[in-house]
Amino acid sequence: KQEVTQIPAALSVPEGENLVLNCSFTDSAIYNLQWFRQDPGKGLTSLLLIQSSQREQTSGRLNASLDKSSGRSTLYIAASQPGDSATYLCAVRGAGNTPLVFGKGTRLSVIA
Amino acid sequence: GAVVSQHPSRVICKSGTSVKIECRSLDFQATTMFWYRQFPKKSLMLMATSNEGSKATYEQGVEKDKFLINHASLTLSTLTVTSAHPEDSSFYICSAPGSGHTEAFFGQGTRLTVV
């Protein structure tokens, strides 16, 4: 059974810092991996999608990497801003019409 | 990208009543819809999978008679929480898997509070 772990559970950084969020998964037979942002009491905002054949994806200040064989992904946020404060969720998908399996998330606070 | 519309976004109901949550795929046909639940400060956990025209499959520990799922058309899946209790208060969110290499698409979520 696939399990997704995110480290750290919470992170507080001063504005402007670069930071890395970590995600690991136990079954490397994934179809893709997706990073989401969730604001308190809100739904999910998809940030980046990495296919199993890809190594990384970039969008603005965000860069996500994938090492499928070792079961790891990282989300790099450059020049963090207070508006980046949210919970970041990592989720993996197996082949076919299978549901995403989520990690517990990393709660990020960027202090002005 | 594809859009999944979920309603209501927020509902407060009395204990013992039933609440229906709808998820519609607006510009594509969703043969499958996943229903997740998220308790405070916890991650999203899969509750059940609905498939158009057939019975839903439920994850272990999820009562199928309490959480009724209907997927009568390719664009609409509903989750009805029957005889709601305060412990059912949670965030419920639906998702349709993207085809091929596309991302999964999520509804906006429903915050259910049972008083």
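Residues numbered from 1 in each chain as written. Chains lettered and ligands numbered in written order. Predicted model: local features only at pLDDT ≥ 70, side-chain atom pairs only at ≥ 80, totals over all residues. Heavy atoms only, no water.

*Asks:* How should I be thinking about the sheet that holds strand β8 (residues 72–77) of chain A in this particular structure?
*Replies:* Neighbouring strands of a sheet are bound in pairs by backbone hydrogen bonds; such pairs are parallel or else antiparallel. Residue and element names in this part refer to chain A. Read from one edge of the open sheet, five strands run β1-β3-β8-β7-β6, paired in antiparallel fashion. Strands at the two margins of the open sheet, each flanked by one partner only, are β1 (4–7) and β6 (56–59). When the angles between neighbouring strand axes are averaged without regard to direction, this sheet yields 15°. In the sheet, strand β7 (residues 62–67) pairs with β8 via six bridges, with the strands oriented antiparallel. (Pairing = 2+ DSSP bridges. Helix = DSSP H or I, 4+ residues; strand = E, 2+ residues; numbered from the N terminus. Axes fitted to C-alpha atoms, helices over the stretch in contact; angles between N-to-C directions.)

*Asks:* Help me understand the interface of chain A and chain B in this model?
*Replies:* A common way to express how large an interface is: the accessible area buried when the components associate. Across the boundary between the two partners, chain A contributes 21 residues, which contact 20 residues of chain B. Summed over both sides, the interface between chain A and chain B buries roughly 1,600 Å², with carbon and sulfur atoms accounting for 51% of that surface. For chain A, the biggest contributors to the area lost against chain B are Asn97, Pro99 and Phe102 of chain A; these three give 25% of the whole. Run the count over chain A and chain B and you get zero salt bridges. Counting across the interface, chain A meets chain B through six residue pairs in polar contact (both at pLDDT 80 or more). Where the side of chain A that touches chain B is concerned, the elements lending two or more residues are β4 (32–38), β5 (44–51), β9 (86–93) and β10 (100–102) of chain A. Considering only residue class, the side of chain A that touches chain B consists of eight nonpolar, 10 polar and three charged. (Contact = heavy atoms within 4.5 Å. Buried area = accessible area lost by both parts, 1.4 Å probe. Salt bridge = Lys/Arg side-chain N within 4 Å of Asp/Glu carboxyl O. Polar contact = N/O pair within 3.5 Å; in protein donor to acceptor, adjacent residues only side chain to side chain. Nonpolar A, V, L, I, M, F, W, Y, C, P; charged D, E, K, R; others polar.)

*Asks:* Can you help me understand the sheet that holds strand β3 (residues 19–25) of chain B in this one?
*Replies:* Residue and element names in this part refer to chain B. If you walk across this open sheet you meet the four strands as β1-β3-β8-β7, and the pairing is antiparallel. A strand with exactly one partner marks an edge of an open sheet, and here the two such strands are β1 (4–7) and β7 (67–73). Taken pair by pair, the neighbouring strands of this sheet meet at an average axis angle of 15°, ignoring direction. Note: β3 against strand β8 (residues 76–81), six bridges, orientation antiparallel. Within β8, the position partnered with valine 19 by the bridge is valine 81.

*Asks:* Just checking my understanding: could you explain the state of the cysteines for this structure?
*Replies:* Covalent bonding between the sulfur atoms of two cysteines defines a disulfide. Tallied over the entire structure, the rule returns two disulfides over all chains. In this model cysteine 23 of chain A forms its disulfide with cysteine 90 of chain A; the gap between the sulfur atoms is 2.0 Å. Between cysteine 23 of chain A and cysteine 90 of chain A the disulfide shows an S-S torsion of about -60°. By sign, it is left-handed. Here cysteine 23 of chain A is found in strand β3 (residues 19–25), whereas its partner cysteine 90 of chain A is found in strand β9, with 67 residues between them in sequence. Judged by its relative accessible area of 0%, cysteine 90 of chain A falls in the buried class. Covalent S-S linkage joins cysteine 23 of chain B and cysteine 94 of chain B, the inter-sulfur distance amounting to 1.7 Å. Taking the torsion about the sulfur-sulfur bond, which here is approximately -90°, the covalent link between cysteine 23 of chain B and cysteine 94 of chain B counts as left-handed. With cysteine 23 of chain B in strand β3 and cysteine 94 of chain B in strand β9 (residues 90–96), this residue pair connects regions lying 71 residues apart in the sequence. Like cysteine 94 of chain B, cysteine 23 of chain B is buried. (Disulfide = S-S within 2.5 Å. Buried < 20%, exposed > 50% of the residue type's maximum accessible area, 1.4 Å probe, protein only.)

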